[in-house]
Amino acid sequence: MPKRYRAPSWNTIMSRGLSTATKKALRAGTRAVKRASTRTVTHTVTKAIKRRVDAKKPPPGAGRWIRGLAVGTAGARRFRVYRPLGIRANERVPLLVMLHGCGQDARSFAVSTRMNQIADRERFLVLYPEQDRLSNAQGCWNWFDTTATGRAFGEVELIMNAIDQVNLLYPVDPARVAVAGLSAGASMAVLLVSRHPERFRAVAMHSGIPTGTAHSTLTAVGAMHGFLGAGRLDATPTVMAKSWPFLLVIHGDSVVAASNGQAAVNAWAEAAGARTCASRNIQRGKRYPMTVTDFKCGVKTVATLVGIESLGHAWSGGSASGGDFSDARGPDASRMVWAFVARQFRA
């Protein structure tokens, strides 16, 4: 006797349909996840390759981007030299040393500051020493590590060796050398000058911490937030007038406490016996406003503080493509630095 056909129940039909739909959805989802993962991996790899390719490209500028290596008791450090076109071997031009901040290297600092374009126009060489990530994982100069066995003075020696090498190989006027830096590079710039003041005509600190404020990584963090007072310069007014360069401080009002900028110029002014002049407020177009205060000995301005409202921890007026450490909305710090330096060269 043939089996009687039983129509599947409504629940059975729904269960089968749901099971089939679920399997299809899972297969489609798996394929979508694989495609998305492939796209993500491809995008990540492409970005990494682009970064590596970009890192090998010279920064903007019509001149030559030259590699170099400085060697000393603290090891070796790479550096780059920017030489504008048209500078002859028999002439002598100024040299500006640029010390990058944490998380940067020579190329990224050149891109964000656009100092090479100013060098093209004003005819000077730019030296970009570069910190080694083995010496500091974040790429910071170890300006605070000034103990007997510390790294700070070894890095000072390496930077000075790079300067000496550039003076020897390129048409540099050794009487017209200046140094500028951002963040840890600014603090290293002041340490460099405090060790060799007679070698520099000007020094510019951008968002840095005064030398002598910290002596370890932990105290450097405290100093960054303005919890520690700055040390004094080991110089008298007579010594300052004879051999120390003039100081420009550019500082924002966040991340690195603004009190650090004030402390830096106060230490310089106190050592030089300078008086504080009336501040002046300046705003150009839609850029952040700034307050400028000079510190003078007689008619000579030995230190200048430029406080920039709303500026974070970034190079003021830097390139829009300069990354996190560049703020195009601020007053142009590169122009300010060169104008300040050029005045000292002419004096």
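Check the entry above for the structure.
Residues numbered from 1 in each chain as written. Predicted model: local features only at pLDDT ≥ 70, side-chain atom pairs only at ≥ 80, totals over all residues. Heavy atoms only, no water.

Asks: Just to check I follow, could you spell out the packing of helix H3 (residues 115-122) against helix H9 (residues 333-346) for this structure?
Replies: Each pair of packed helices can be summarised by the angle the axes make with each other and by the distance between the axes. Between H3 and H9, whose axes approach to 10 Å, the crossing angle comes to 40°. Viewed along their axes, H3 and H9 adopt a mutual orientation that is oblique. Helix-helix and strand crossings are classified by hand; for H3 and H9 the assignment is right-handed. Residue-level contacts link Met115, Ile118, Arg121 and Glu122 of H3 to Ser334, Arg335, Val337 and Trp338 of H9. (Axes fitted to C-alpha atoms, helices over the stretch in contact; angles between N-to-C directions. Helix = DSSP H or I, 4+ residues; strand = E, 2+ residues; numbered from the N terminus. Parallel < 35°, antiparallel > 145°, perpendicular 65-115°, else oblique. Left-handed = near helix turned anticlockwise from the far one by under 90°. Contact = heavy atoms within 4.5 Å.)

Asks: Any chance you could explain unusual backbone geometry here in plain terms?
Replies: Comment: phi is negative for the bulk of residues other than glycine, and the bulk of peptide bonds are trans. Unusually for a residue other than glycine, Arg114 sits at a positive phi of about 55°. For Arg114, a relative accessible area of 32% gives the class partly exposed. For Ser183, which is not glycine, the phi dihedral falls at a positive 60°. Relative to the helices and strands, Ser183 resides in the loop between strand S5 (172-182) and helix H5 (184-195). (Buried < 20%, exposed > 50% of the residue type's maximum accessible area, 1.4 Å probe, protein only.)

Asks: Help me understand the nonpolar core in this model?
Replies: The nonpolar side chains of soluble globular proteins are, as a tendency, buried together. In terms of nonpolar packing, the biggest core is built from 60 residues, with Leu95, Leu127, Ile163, Val179 and Trp268 touching the most fellow members. The element that contributes the greatest number of residues to this core is H5, accounting for eight residues. The residues contacting Val179, other than those within four sequence positions of it, are Leu96, Val97, Leu99, Ala189, Leu192, Val193, Phe200, Ala202, Val203 and Ala204. By size, the runner-up hydrophobic cluster in this structure holds 35 residues, among which are Ile118, Ala119, Leu248 and Phe340. (Core = buried A, V, L, I, M, F, W, Y, C linked by side-chain atoms within 4.5 Å.)

Asks: Help me understand the pairing of strand S4 (residues 125-129) in this model?
Replies: Note on strand geometry: in a regular strand, side chains alternate between the two faces of the sheet. When you tally the buried positions in S4, you get five out of five residues, the bulk of the element. On S4, burial covers both faces: Leu125, Leu127 and Pro129 on one face and Val126 and Tyr128 on the other are all buried.

Asks: Just to check I follow, could you spell out the environment of Trp65 for this structure?
Replies: Its location among the elements puts Trp65 in strand S1 (residues 64-72). In this structure, the C-alpha to C-alpha distance between Trp65 and Val126, residues 61 residues apart in sequence, is 9.7 Å. Contact partners of Trp65, with chain neighbours within four places excluded, come to Pro58, Pro59, Arg80, Val81, Tyr82, Ala106, Arg107, Ala110, Asn116 and Tyr128.

Asks: Would you mind showing me how to read the packing of helix H4 (residues 152-169) against H5 here?
Replies: Their axes nearest at 10 Å, the elements H4 and H5 cross at an angle of 80°. With respect to H5, the element H4 is oriented roughly perpendicular. Across the interface between the two elements, Ala152, Phe153, Glu155, Val156, Ile159, Met160 and Ile163 from H4 touch Met188, Leu191, Leu192 and Arg195 from H5. When its residues are assigned to classes, the contact of H4 with H5 shows nine nonpolar, no polar and two charged. (Nonpolar A, V, L, I, M, F, W, Y, C, P; charged D, E, K, R; others polar.)

Asks: Even after reading the chapter, I still don't get the pattern of salt bridges, so can you show me in this structure?
Replies: A side chain of one charge can pair with a side chain of the opposite charge if their charged atoms are brought near each other. By the definition in use, this model includes ten salt bridges. Across the salt bridge formed by Glu130 and Arg78, the nearest N and O atoms sit 3.1 Å from each other. Taken together, the positions of Glu130 in the loop between S4 and H4 and Arg78 in strand S2 (residues 75-83) put the pair 52 residues apart, joining distant regions of the chain. A relative accessible area of 48% places Arg78 in the partly exposed class. The salt bridge involving Asp294 is made with Arg280; its shortest N-O contact spans 3.0 Å. Of this pair, Asp294 sits in strand S10 (residues 290-297) while Arg280 sits in strand S9 (residues 280-282), placing them 14 residues apart in sequence. Residue Arg280 is classed as partly exposed on the basis of its relative accessible area, which comes to 38%. (Salt bridge = Lys/Arg side-chain N within 4 Å of Asp/Glu carboxyl O.)

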